[in-house]
Amino acid sequence: MINNVMREITPLTPSDCFTIFSRVKKKFDFPLHYHDEYELNLIVNAKGARRVVGGNIEVIEDLELALIGPNLYHAWFTHQCQSEEITEITIQFHKDLFDEKFLKRNQLSFLKSMLERSQRGIVFSPETIQALKGRIIGLTQKSGFDSVLELMSVLHDLSISRNMRTVSDASFSNEKLYYNSRRIEKVFEHMNLNYHKQVTLAEVAKIANMPEASFSRFIKKRTGKTFIDSLNEIRLGHASRMLIDSTNTIAEIAYKCGFNNISNFNRIFKRKKLCIPKEFRETYTGNRVFI
């Protein structure tokens, strides 16, 4: 096994609520990393930079706001960004700042949902960023109890915002999915355990105790994806992780993840991730840090 990803020890102490960093720089130079804390990152004037979150790689626009869950791989790289003044504001807060009992209150249901989704990384819409950018920047000027209240308010407003989207594959971070359907959960559990084998519509329909045609409509309605797309997403999540964490060849990874030929694997990988497996692996190994 190889370790391409740095575990960051943040400066947060157990007695802190959160920490905030504000900086203006010419390039991104922090390596791919993860940490125990949640992280909210606002980036201004960095069009053309590349964001890596879990198994997802995208080129960003001028405004970027992302919420990263605990222990999720992430980094931003300069890539094609030519700005001389990139503004970056990073807020990190403990996993237990909002404990489980607190989040069960009715008024916090949206916040609870957002924090759960952040295990796959969340990026927010340009409209949301414009609405909250000033308040996030203003947090750098606040202190004490007022700053804690304002952070909670900002997070609440983010949680009820429109058009946020998760970016990484669920199977990359081993996140358990909930679809308010025991049938769907049993099917996904089966696919996650058997992604390296042939998995047919007939066998998952049998697990759900439904006719094949009915199950096809059911999974599409519940998840927004077809059975094949759902299975491929699980396989790609595991493949992405193997590309980072193992020295297996790309062909070996393709077969280990249930793809019956390398061409099919490359084609599906590029369609979903906008790069081929070789380029994906190079994005990570090109920024290797050994701990």
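In this text the structure is predicted, and so the values were computed from the model without any measurement.

Rules used in this analysis
- Residues numbered from 1 in each chain as written.
- Predicted model: local features only at pLDDT ≥ 70, side-chain atom pairs only at ≥ 80, totals over all residues.
- Heavy atoms only, no water.
- Buried < 20%, exposed > 50% of the residue type's maximum accessible area, 1.4 Å probe, protein only.
- Helix = DSSP H or I, 4+ residues; strand = E, 2+ residues; numbered from the N terminus.
- Pairing = 2+ DSSP bridges.
- Core = buried A, V, L, I, M, F, W, Y, C linked by side-chain atoms within 4.5 Å.
- Contact = heavy atoms within 4.5 Å.
- Salt bridge = Lys/Arg side-chain N within 4 Å of Asp/Glu carboxyl O.
- Expected span 1.5 Å × (residues − 1).

(A) Main features of the pairing of strand S8 (residues 74-77). Neither face of S8 is left uncovered, since the one carrying His-74 and Trp-76 and the one carrying Ala-75 and Phe-77 both have all their residues buried. Summarising the sheet, strand S5 (residues 50-53) and S8 pair through 4 bridges and their orientation is antiparallel. Each bridged residue has a counterpart across the sheet, and for Arg-51 the counterpart in S8 is Trp-76.

(B) Inspection of the nonpolar core at higher detail. If you look at the biggest cluster of nonpolar residues, it comprises 38 residues, and the most contacted ones within it are Met-191 and Phe-215. Among the elements of the structure, S8, helix H5 (182-194), helix H6 (201-207), helix H7 (212-223), helix H8 (227-245), helix H9 (250-256) and helix H10 (262-273) are those that each provide at least two residues to this core. Residues within four places of Met-191 in sequence aside, it is in contact with Val-199, Val-204, Phe-227, Ser-230, Leu-231 and Ile-234. Leu-42, Leu-108, Leu-111 and Leu-115 belong to the second-largest nonpolar core, a separate cluster that totals 28 residues.

(C) Highlighting the pattern of salt bridges. Summed over all chains, the structure comprises 13 salt bridges. The partner of Glu-233 in a salt bridge is Lys-225, and the shortest N-O contact between them spans 3.8 Å. The network of salt bridges with shared partners includes Arg-51, Glu-58, Glu-64 and Arg-165.

(D) Spatial organisation of H8. Between the first and last C-alpha of H8 there are 27 Å, a value that for 19 residues agrees with the 27 Å anticipated at 1.5 Å per step. Within H8, 16 of the 19 residues are buried, leaving the element largely enclosed by the surrounding structure.

(E) Summary view of the sheet that holds strand S11 (residues 165-166). Across the sheet, 6 strands lie side by side as S2-S9-S4-S7-S10-S11; this open sheet has antiparallel pairing. Single-partner strands in this sheet number two, and they are strand S2 (18-25) and S11. As judged from the 7 bridges shared by strand S4 (residues 38-44) and strand S9 (residues 86-93), these two strands associate in the antiparallel manner. Looking at the pairing, Glu-39 lines up with Gln-92 of S9.

These figures come from the coordinates and say nothing about function on their own.
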